[in-house]
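# Observations on chain architecture
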Amino acid sequence: MARRAEEEYDYLFKVVLIGDSGVGKSNLLSRFTRNEFCLESKSTIGVEFATRTLQVEGRTVKAQIWDTAGQERYRAITSAYYRGALGALLVYDVTKPTTFDNVSRWLKELRDHADSNIVIMLIGNKTDLKHLRAVATEDAQSYAEKEGLSFIETSALEATNVEKAFQTILSEIYRIISKKPLSSEDAAPANIKEGKTIVVGESEANTKKACCSSS
Amino acid sequence: MEKKRIDDYEVGPLPSPRPLDRFGFVKQDVNSSPEGINRGKSKDELEREERKVRKWRKMIGVGGSDWKHYVRRKPHVVKRRIRKGIPDCLRGLVWQLISGSRDLLLMNPGVYEQLVIYETSASELDIIRDISRTFPSHVFFKQRHGPGQRSLYNVLKAYSVYDRDVGYVQGMGFVTGLLLLYMSEEDAFWLLVALLKGAVHSPMEGLYMEGLPLVQQYLFQFDQLVKGHLPKLGEHFSDEMINPSMYASQWFITVFAYSFPFHLALRIWDVFLFEGVKIVFKVGLALLKYCHDELVKLPFEKLIHALRNFPEHAMDPDTLLPMAYSIKVAKRLEELKEEYEKRNGKALKSADSTAKQNHSEGVSS
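Right, let's walk through the structure included here. What you are looking at is a predicted structure, and each value in this text was computed from that prediction instead of being measured.

Moving on, we come to the packing of helix α8 (residues 124-131) of chain B against helix α9 (residues 147-162) of chain B. Residues and elements named next belong to chain B. Where α8 contacts α9, the axes come no closer than 10 Å and their chain directions differ by 150 degrees. In terms of orientation, α8 lies roughly antiparallel with respect to α9. Where α8 crosses over α9, the two elements pack in a sense that is right-handed. Seen from α8, the contacting residues are Glu124, Ile127, Ile128 and Ile131; seen from α9, they are Gln149, Leu152, Tyr153, Leu156, Lys157 and Ser160.

Okay, here's the thing in C-alpha cells:
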C-alpha cells in the first residue's frame, strides 16, 4: 500500500525543521519518515531532506520536510529554505533550558525569512530523559499559547507523539489551505501560489536506507 | 549539568565488537566492501606497493629533510605521484609537509599546549555537544571520553581560542577528525591553521566565518561550473529547482570528509592539500559527469536523493579521480570569483539585511 500511495497525492506541503543544534531534529525526521532512530547520528551539515505521504483529513498529503543544521552560523545557508514553507516545526530539548530560551530567536528568524502565514508548531523533544527534564511542560505550553503556536512534547527515541506532531501540523496547514478560495490551478493550489521551491515529483527517496550509513 | 549530558544517548562505554573496515570504521553493510579490491592483493601488487613506498621515502628524506628540495627540483613528479595517492603509512607526514603545517609547528613551539591547557573558549559547550556526533562509527572516536574524543575536543577548543572570529563551527570536527587519524593533536592543530589561515593556498577560514561567505562563493562558482561543463544537466537542475546548496554544501564545508567513502576522501585530501580547493570542484563535476545520464532523467526528489547517495562504482577513486583531473577549472574559477565579488560588492554596500535577502534569493533561484 505504501508504495502505491507514495506516488499520488492531493497536496504537497513543504515543512521546515528548525531549532538549536543537538535537540533531535534529524531523529524526529527519520522517525517520522522511516521509523528509524539513530543512536550514533552525525551532526547535520547544511540541509537534509525527506518526504512521507500520509492521510490527513481524508486527503493524501505528501510532506516534504527540510531538516536544517541548528548552529547559528548555518542560518546563512538554511534561512533560504524557509521561503515557501507552509509549516515549521520548532524543536527544543526538554532537558536543555537554553534550547527553550532560544525559541524566541528562532521565531524572529521565521518572521524575517518565512512567509507570514506559516504554521508553527513548538516541539519539546527528548521526553524519554525523564530524570533530566529541565523545561516544564506548563511553561512551554503557556509560551506557545502566548505566541499562538501549537505545542506538543515528543520522544523520537521512544517514538512518542512524533506521528501526532506531524499529523497535527499537516492538518493545520490543510485547514488553512482548504479554506482559501480555489485558484485556477487544480492540484496543490496553495503551494504553487507560494511559489518557488515546491516541486512536484514522485519519491522513492526513503527506501531501505540503513540507519547510520556512511552517507 | 549541560556538560554531563553530552551523550546520554550512548548506550554504554563498551563498544560492541562489530567488524571494522581497514580505516577503523564500523562496517555498515557486509555485502558491499569498497576496499574489497585490496583484500586479496596479489604478490605483484604488494611488490608494486613496496616499490612505491621506497620511492616516496627517498623523495621525502629522513623526517622530511629532502622534501622541499625535491619539490623545487621536480614539482611535476611530485604532483603526479600525489595524484596517484600518497602511501597510507606516509600520509600523515606528507600532509604536514605539503600543507606548510610543519613549518608553522616549528615556528610556534609551546603555543598549542598553551591554548589547550590555559585558555578557555566560549565555544566549549558547542564543541562538547558535537564530539560524540563526529565520526560516531569510527573506533577511535566512538568511545565516550576516549582518547579520540579527547583529542578532537582539544584541537577544536585550541582552534576556537586561536581564532576567536571563527571559533567553532560544525563541520570543523569532521576535518579535524580526519587529520587526527593520521597525526598527533598538535600536528592536526597546525594543519588546521595552515588550511584556514592560508599557509600555502588561499585561506579557507571564510568557510566557517559569520555568514559562511566562502561557502556561498564556492556554491555560486560550482553552480556556474555545472552550467558551463554540463549544460544539459545544468538546465535540468534549473527546471527541477535544484541548487548546489542542497547537495554540495557538505562537500566544501568538510572537503568531502563528512559523508564520502573514507578511502576516496583520503585520496581527495592528498590532492587538496597539494593543489588546493579546485580539486573539490573537479571531483564534484566528475561525479555529476559520471552519473549524468541517470541524473538528467530524475525528478526533484529522486534527484536530491541521488545527489546525496552516489552509487559505489561512481566513487571508486581510480575511476573518479582521473576523470576529475581531466576537467579544467582554474581559469573559470578565477573569473567566477571576480564575478561573485562584483555581484556581492553591491549587496555589501547596502544594508546588511538587504545583503541577506540577496543571498537567499540567489540560493533558491
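On to a positive patch on the surface. Residues and elements named next belong to chain B. There is a patch of like positive charges on the surface, built from Arg48, Arg51, Arg54, Lys55, Arg80 and Lys84. For the positive patch, the leading source of residues is helix α2 (residues 43-60), giving four residues. Tracing the backbone shows Arg54 in helix α2. For Arg54, a relative accessible area of 53% corresponds to the exposed category.

What follows concerns the environment of Lys197 of chain B. Residue and element names in this part refer to chain B. Following the sequence through the fold, Lys197 ends up in helix α11 (residues 185-197). Of the residues examined, Lys197 reaches a relative accessible area of 35% and is grouped as partly exposed. Each C-alpha atom of the pair Lys197 and Asp163 lies 9.5 Å from the other, and the pair is 34 residues apart in sequence. Lys197 has contacts with Tyr159, Tyr162, Asp163, Pro203 and Glu205, leaving out every residue within four places of it along the chain.

Before going further, it helps to examine the nonpolar core. Residue and element names in this part refer to chain B. If you look at the biggest cluster of nonpolar residues, it comprises 155 residues, and the most contacted ones within it are Trp67, Trp95, Trp269 and Leu288. In terms of residues, this core owes the most to one element, helix α15 (residues 262-275), which gives 10 residues. Dropping the residues within four chain positions of it, Trp269 is found in contact with Trp95, Val175, Leu178, Leu179, Leu195, Thr254, Val255 and Ala257.

Between its first and last C-alpha, helix α7 (residues 162-179) of chain A extends 26 Å over 18 residues, near the 26 Å set by a 1.5 Å rise per residue. Among all positions of α7 of chain A, only Val162, Ala165, Phe166, Ile169, Leu170, Ser171, Ile173, Tyr174 and Ile177 of chain A are buried.

Here the structure, examined in full by the defined rule, presents 41 aromatic pairs over all chains. Measuring from ring centre to ring centre gives 6.3 Å for Trp251 of chain B and Phe310 of chain B, while their planes differ by 45 degrees; the resulting arrangement is tilted. With Trp251 of chain B in helix α14 (residues 249-253) and Phe310 of chain B in the loop between α18 (300-308) and α19 (317-325), this pair connects stretches of sequence that are 59 residues apart. Here Trp251 of chain B and Phe310 of chain B have matching classes, each one buried. Aromatic pair Phe252 of chain B and Phe281 of chain B: ring centres 4.8 Å apart, planes at 50 degrees, arrangement tilted. Of this pair, Phe252 of chain B sits in helix α14 while Phe281 of chain B sits in helix α16 (residues 278-290), and the two are 29 residues apart along the sequence. Both residues of the pair, Phe252 of chain B and Phe281 of chain B, belong to the buried class. Among the aromatic residues, those joined into a cluster by ring pairs are Tyr218, Phe222, Phe237, Tyr247, Trp251, Phe252, Phe256, Phe260, Phe281 and Phe310 of chain B. Of note, Lys42 of chain A hangs over the ring of Tyr258 of chain B, and the distance from its end group to the ring centre comes to 4.6 Å. The ring of Trp106 of chain A carries Arg75 of chain A above its face, with NZ or CZ at 4.0 Å from the centroid.

Let us look at the pattern of salt bridges. Residue and element names in this part refer to chain B. Enumeration over the complete set of coordinates arrives at 31 salt bridges over all chains. Taking the shortest distance from any N to any O, the salt bridge between Lys331 and Glu335 comes out at 3.8 Å. With Lys331 and Glu335 both in helix α20 (residues 330-349) and four residues apart, this pair spans about one turn of that helix. Judged by its relative accessible area of 35%, Glu335 is partly exposed. Overlapping salt bridges, with partners in common, bring together Asp126, Arg129, Asp130 and Arg133 in one network.

Rules and cut-offs
Residues numbered from 1 in each chain as written. Chains lettered and ligands numbered in written order. Predicted model: local features only at pLDDT ≥ 70, side-chain atom pairs only at ≥ 80, totals over all residues. Heavy atoms only, no water. Axes fitted to C-alpha atoms, helices over the stretch in contact; angles between N-to-C directions. Helix = DSSP H or I, 4+ residues; strand = E, 2+ residues; numbered from the N terminus. Parallel < 35°, antiparallel > 145°, perpendicular 65-115°, else oblique. Left-handed = near helix turned anticlockwise from the far one by under 90°. Contact = heavy atoms within 4.5 Å. Patch = residues over 30% accessible without salt bridge, like charges linked within 9 Å, V, L, I, M, F, W, Y side chains within 5 Å. Areas by Shrake-Rupley, 256 points an atom, 1.4 Å probe, with all protein chains shown as cover. Salt bridge = Lys/Arg side-chain N within 4 Å of Asp/Glu carboxyl O. Lys, Arg positive; Asp, Glu negative; His and termini not counted. Charge placed at Lys NZ, Arg CZ, Asp CG, Glu CD. Buried < 20%, exposed > 50% of the residue type's maximum accessible area, 1.4 Å probe, protein only. Core = buried A, V, L, I, M, F, W, Y, C linked by side-chain atoms within 4.5 Å. Expected span 1.5 Å × (residues − 1). Phe/Tyr/Trp six-rings, centres within 6.5 Å; stacked < 30°, edge-to-face > 60°. Lys NZ or Arg CZ within 6 Å of the ring centre and 35° of its normal.

In short, geometric facts, not functional conclusions.
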